[in-house]
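Given next are the chains, with one letter for each unit.
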Amino acid sequence: MTKEEAARLAEETGFSHWGFFKAEGLRFLPEVRDMCSANRCNRYEKCWSCPPGCGTLEESKEKAAKYSWGILLQTTAELEDDYDGETMMEADELQKQRLEAFCTKIAGKEDMLPMGSGSCTICKTCTYPDAPCRFPERMITSMEAYGLVVSDVCQLADTPYYYGPLTITYSSCVLFK
Ligand code: SF4
């Protein structure tokens, strides 16, 4: 996969913005993992895609270490007002669908590591911790669960994190060799 091919695929898949970065610039921070364990999103210990089910910070770092570059992929939506939760949820879901579509198109052809936005929502109820994940090939762990600060990755990719008042942006990335 070249960067040109990845950009073409990002456009075809419908992402609003994208940018490239060197994987060596990623910082896997225990402080971000600490925010997961504070459980403000209520997903800690609830899903295979989230800590501690997704593995340790060290394991996350090792997984990412064999990749050399990444593409940051974003979905931006315009909000009617600051409380437009419906549009926020739609954009969140759209970002997940686009990331899955992006990965599905190259699955089996490319060695890649996708990192999503938020917890896995494929199943209504996650099997964690009683049974294995139902769809391990589709489940995507979030950038935050990898210990990444999303705004830092945006900066690394020279891509905005925020597109101004009354907008919401969800970011994910895919690493390649
Ligand atoms: S695919 Fe289903 S079982 Fe697997 S992490 Fe996602 S919600 Fe849980």
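Preceding this paragraph is the structure being described.
Reading guide: rules and limits
- All residue numbers here refer to positions counted from 1 along the written sequence of the relevant chain.
- Whole-chain, interface and lining totals are the exception, using all residues; otherwise, since this is a predicted model, local features are given only for residues with pLDDT of at least 70 and side-chain atom pairs are given and counted only at 80 or more.
- Hydrogen atoms and water are omitted, and side-chain values are computed over all heavy atoms in the structure.
- Residues enter patches when they are more than 30% accessible in relative terms and free of salt bridges; like-charged ones are connected within 9 Å and nonpolar ones (Val, Leu, Ile, Met, Phe, Trp, Tyr) within 5 Å.
- The Shrake-Rupley method, run with a 1.4 Å probe, gives the accessible areas here. Residue values count only the displayed protein chains as cover.
- Only one rule defines a salt bridge in this text: a Lys or Arg side-chain nitrogen within 4 Å of an Asp or Glu carboxyl oxygen.
- In summary, the charge assignment counts Lys and Arg as positive and Asp and Glu as negative, without counting His or the chain termini.
- A charge is said to be at NZ when it belongs to Lys, at CZ for Arg, at CG for Asp and at CD for Glu.
- Under the scheme used here, helices are H or I runs from DSSP no shorter than 4 residues and strands are E runs no shorter than 2 residues, and both carry numbers assigned from the N terminus.
- When accessible area is computed with a 1.4 Å probe and restricted to protein chains, residues below 20% of their type maximum are described as buried, those above 50% as exposed, and intermediate ones as partly exposed.
- The arc in question is traced by the directions running from the helix axis to the C-beta atoms.
- Whether two residues are in contact is decided by their heavy atoms, any of which lying within 4.5 Å being enough.
- Under the convention used throughout, the expected extent of a helix is 1.5 Å for every residue step, that is, one less than its residue count.

Engineer: Can you help me understand a negative patch on the surface in this one?
Structural biologist: A contiguous patch of negative charge on the surface is contributed by Glu80, Asp81, Asp82, Glu86 and Glu90. Structurally, Glu80 can be placed in the loop between β2 (69-78) and α4 (85-106). Owing to a relative accessible area of 70%, Glu80 belongs among the exposed residues under this scheme.

Engineer: How should the environment of Glu90 be read in this particular structure?
Structural biologist: One can find Glu90 in helix α4. Classification of Glu90 as partly exposed rests on a relative accessible area of 47%. Distance in space between the C-alpha atoms of Glu90 and Leu156 is 27 Å, their sequence separation being 66 residues.

Engineer: So what exactly am I meant to see when it comes to helix α2 (residues 30-37) here?
Structural biologist: Owing to its 3.6 residues per turn, the α-helix brings residues three or four apart onto one side. Among all positions of α2, only Val32, Arg33 and Cys36 are buried. Looking straight down α2, one finds its buried side chains confined to an arc of 100°; they lie on one side. Looking at the buried residues of α2, the elements they touch are α3 (57-65).

Engineer: Got a minute to help me understand the pattern of salt bridges in this structure?
Structural biologist: Pairing between side chains of opposite charge can happen when the charged atoms of each approach one another. Applying the stated rule across the entire model yields five salt bridges. Notably, a salt bridge pairs Lys66 with Asp111, separated by 4.0 Å at the nearest N-O pair. With Lys66 in the loop between α3 and β2 and Asp111 in the loop between α4 and β3 (112-115), this residue pair connects regions lying 45 residues apart in the sequence. Here Glu100 and Arg138 are joined by a salt bridge, their closest N and O atoms 2.6 Å apart. With Glu100 in helix α4 and Arg138 in the loop between β3 and α5 (150-156), this pair connects stretches of sequence that are 38 residues apart. Counted as one network, the salt bridges with shared partners bring together Lys66, Asp111 and Lys177.

Engineer: Just to check I follow, could you spell out α4 for this structure?
Structural biologist: Across its 22 residues, α4 extends 32 Å between first and last C-alpha, which sits within 8% of the 32 Å expected from 1.5 Å per residue. Close packing links the buried residues of α4 with α1 (3-13), β2, β3 and β4 (167-176). One or two positions beyond α4, positive phi appears at Gly108, with a value near 85°.

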